[in-house]
Amino acid sequence: MLPHRHFLIAGLTIAPVSVVLFPEKSLEEIWGWVLIGGILSASIDLDIYALVLLKSRKENQLTPFRNPIEIYRNFESFMNTIFKTGLWKIGLVTHLALSVLIVILFYLFSNTYFIPAVLGVISHIITDMPNLQRRVI
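Remember, it's a predicted structure, so these values are computed and weren't measured experimentally.

What follows covers the packing of helix 3 (residues 46-55) against helix 6 (residues 87-109). Taken N-terminus to C-terminus, the directions of helix 3 and helix 6 make an angle of 140°; their axes are 9 Å apart at the nearest point. Our classification of the angle between helix 3 and helix 6 gives oblique. Relative to helix 6, the crossing made by helix 3 is right-handed. Listed contacts from helix 6 to Asp47, Ile48, Leu51, Val52 and Lys55 of helix 3 are Leu87, Ile90, Gly91, Thr94, His95 and Leu98. In the contact of helix 3 with helix 6, the residues fall into six nonpolar, three polar and two charged.

Considering all chains together, one arrives at five aromatic pairs under this definition. Aromatic pair Phe75 and Phe78: ring centres 6.3 Å apart, planes at 35°, arrangement tilted. A residue pair is termed a helical-turn pair when its members lie 3 or 4 positions apart in one helix, as Phe75 and Phe78 do in helix 5 (residues 75-84) at three residues. Taking the centre distance of 5.0 Å and the plane angle of 25° together, the rings of Phe83 and Trp88 count as stacked. Both residues of the pair, Phe83 and Trp88, belong to the buried class. Just above the ring of Phe22 sits the side chain of Lys25; from NZ or CZ to the centre is 5.9 Å.

Packing of helix 1 (residues 3-21) against helix 2 (residues 27-43) brings their axes to within 8 Å, and their N-to-C directions diverge by 145°. Crossing angle aside, the handedness with which helix 1 passes helix 2 is right-handed. For the pair helix 1 and helix 2, contact is made by Pro3, His6, Phe7, Ala10, Gly11, Ile14, Ala15, Ser18 and Val19 and by Ile30, Trp33, Val34, Leu35, Gly37, Gly38, Ile39, Ser41 and Ala42, respectively. Among the residues forming the contact of helix 1 with helix 2, the class breakdown is 12 nonpolar, six polar and no charged.

Next up on the list: the pattern of salt bridges. Any two side chains of opposite charge can pair, on the condition that their charged atoms come close. With the rule as written, the count across this model stands at one salt bridge. Between Arg73 and Glu70 there is a salt bridge, with its nearest N and O atoms 3.6 Å apart. In this pair, Arg73 and Glu70 both sit in helix 4 (residues 68-73), three residues apart, roughly one turn of the helix.

A separate point is the nonpolar core. Side chains of nonpolar character tend, in soluble globular proteins, to be buried together. Counting 14 residues, the largest nonpolar core has Val52, Ile71, Phe75, Phe78, Met79, Ile82 and Leu87 as its most contacted members. Contributions of two or more residues to this core are made by helix 3, helix 5 and helix 6. Ranked by residue count, the leading element in this core is helix 5, at five residues.

Calculation notes
Residues numbered from 1 in each chain as written. Predicted model: local features only at pLDDT ≥ 70, side-chain atom pairs only at ≥ 80, totals over all residues. Heavy atoms only, no water. Axes fitted to C-alpha atoms, helices over the stretch in contact; angles between N-to-C directions. Helix = DSSP H or I, 4+ residues; strand = E, 2+ residues; numbered from the N terminus. Parallel < 35°, antiparallel > 145°, perpendicular 65-115°, else oblique. Left-handed = near helix turned anticlockwise from the far one by under 90°. Contact = heavy atoms within 4.5 Å. Nonpolar A, V, L, I, M, F, W, Y, C, P; charged D, E, K, R; others polar. Phe/Tyr/Trp six-rings, centres within 6.5 Å; stacked < 30°, edge-to-face > 60°. Buried < 20%, exposed > 50% of the residue type's maximum accessible area, 1.4 Å probe, protein only. Lys NZ or Arg CZ within 6 Å of the ring centre and 35° of its normal. Salt bridge = Lys/Arg side-chain N within 4 Å of Asp/Glu carboxyl O. Core = buried A, V, L, I, M, F, W, Y, C linked by side-chain atoms within 4.5 Å.

Okay, here's the thing in structure tokens:
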């Protein structure tokens, strides 16, 4: 899934959860949570882009996708290419590692934004699952 969609889904998850579970929060605080969780959810995909940049030196199929706009334009082709090249296997590990690292860092250093960080990470992983299942099965 493209990062802007991860941001949107995380925001649509975090906003109602914060309103229902924390009714004392102001609208400004809720927007802060949505912004933090959405940015974190979207940023998890940076590992895939970094892997594309690294692996495209040897894999000519990945070269067009060094440009993020090309990923956006031809997302289905991009997904097929990362599965053909095996980049998705590495991405599974880096996605999980990055997700765990984000949660740990927010737990240790920013309790205020721990809940939106966790919700952003969880929503990202859940929304990536159908794409993975479609390719693996």
